[in-house]
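The chain contents come next:
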Amino acid sequence: MADNQELRLTRVFDAPRDLVFKAWTDSKLVSQWWGPNGFTNPICEIDPKVGGKINIVMEDSAGLIKKGSRYPMTGTFTEIDEPKKIVYTSEAIMNDKPLFENVVTVIFEEQDGKTTMNIHIIVSNIQPGAEMALAGMEMGWNQQLDKLGEFLKED
């Protein structure tokens with residue numbers, strides 16, 4: 001397995017940039033769309049400032065892997081330029097041990113009332129046992145961003 005892996009995703013939402021940015025930085029909003037299909041977020045704590053912490057626990061509510069299983073993610077915001085850019089580091093955790101680390105950069109650009117969102121994820125410090133999570137990462141992020149798009153339509 002490579003030491004580092006990268007993932008780039010782009011989405012265009014029919015929503016103003018301020019709203020899309022807020023959907024990433026307000027715990028109450030993030031908890032409604034974060035995670036792949038079939039997952040909920042019983043714990044979603046976000047402190048959107050440089051040095052602010054992220055603590056999200058996804059739960060397999062649909063039994064896709066194992067119903068009730070929880071998958072924690074912790075992180076720290078390293079850059080916030082509201083409403084243009086968010087950068088954070090995070091760790092995916094399994095059995096109280098980090099599986100891998102991410103640096104996630106999210107860029108928000110508005111044009112004609114729509115928001116183009118570009119995400120760049122760099123995965124590093126990959127540990128044994130992370131293979132399944134990494135294999136499903138692109139699919140999981142795409143499902144998560146689909147959920148964000150649906151959430152933004154409802155708002």
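This text goes with the structure placed above it.
Starting from 1, residues in each chain are numbered consecutively following that chain's sequence as written. For a predicted model such as this one, the threshold for reporting local features is a pLDDT of at least 70, and the threshold for listing and counting side-chain atom pairs is 80 or more; totals across whole chains, interfaces and linings nevertheless cover every residue. As a convention, hydrogens and water are excluded, and side-chain values are obtained from all of the structure's heavy atoms.

So, the packing of aromatic side chains
Two descriptors summarise a pair of aromatic rings, namely the distance from one centre to the other and the angle between the planes of the rings.
Turning to step 1, where the next piece is worked out: Between the rings of Phe, Tyr and Trp (Trp by its six-membered ring), a pair exists once the centres lie within 6.5 Å; its type follows the angle of the planes, with under 30 degrees stacked, over 60 edge-to-face, and the other angles tilted. Counting across every chain of the model gives 8 aromatic pairs.
Turning to step 2, where the next piece is worked out: Where F21 meets F108, the ring centres are 5.4 Å apart and the plane angle is 65°; that geometry is what we call edge-to-face. Placement of the pair is F21 in helix α1 (residues 17–25) and F108 in strand β6 (residues 97–111), with a sequence separation of 87 residues.
Turning to step 3, where the next piece is worked out: By relative accessible area, F21 is classed as buried at 3%.
Turning to step 4, where the next piece is worked out: Judged by centre distance (5.9 Å) and plane angle (90°), the ring pair of W24 and W34 falls under edge-to-face. Here W34 lies in the loop between α2 (27–33) and β2 (39–46) and W24 lies in helix α1, a separation of 10 residues in the sequence. With respect to class, W24 is no different from W34; both count as buried.
Turning to step 5, where the next piece is worked out: Of the aromatic side chains, those joined through ring pairs into one cluster are W24, W33, W34 and W141. Only runs of H or I of at least four residues qualify as helices and only runs of E of at least two qualify as strands under DSSP, and these elements are numbered from the N terminus. Using a 1.4 Å probe on the protein chains alone, a residue whose accessible area is under 20% of its type maximum counts as buried, one over 50% counts as exposed, and one in between counts as partly exposed.

Side note on the layout of surface pockets
Turning to step 1, where the next piece is worked out: Buried and open spaces are told apart on a 1 Å grid over the protein atoms alone, a cavity being a set of points where a 1.4 Å probe fits but cannot get out and a pocket being an open set with protein on both sides within 12 Å along at least five of seven lines. Residues with an atom within 4 Å of a point are the lining residues. Grid points are joined across faces, edges and corners, and a volume is the space filled by probe spheres set on the points. There is about 800 Å³ of room inside the largest pocket.
Turning to step 2, where the next piece is worked out: Lining of the largest pocket is provided by 30 residues; of these, P36, M58, A133, G136 and M137 occupy positions nearest its centre.
Turning to step 3, where the next piece is worked out: When residues of the lining of the largest pocket are traced back to their parent elements, those giving at least two are β4 (70–81), β5 (85–94), β6, α3 (131–135) and α4 (137–154).
Turning to step 4, where the next piece is worked out: When the residues that make up the lining of the largest pocket are grouped by side-chain class, the tally is 21 nonpolar, 8 polar and 1 charged. Gly counts as polar in this scheme, as do all residues outside two lists: the nonpolar Ala, Val, Leu, Ile, Met, Phe, Trp, Tyr, Cys and Pro, and the charged Asp, Glu, Lys and Arg.

Quick look at the side chain of S90
Turning to step 1, where the next piece is worked out: Locating S90 in the fold gives a position in strand β5.
Turning to step 2, where the next piece is worked out: The class for S90 is buried, based on a relative accessible area of 6%.
Turning to step 3, where the next piece is worked out: Contacts are assigned to residue pairs with any non-hydrogen atoms lying within 4.5 Å of each other. Leaving out residues up to four positions away in the same chain, S90 has contacts with M73, T74, G75, F100, E101 and N102.

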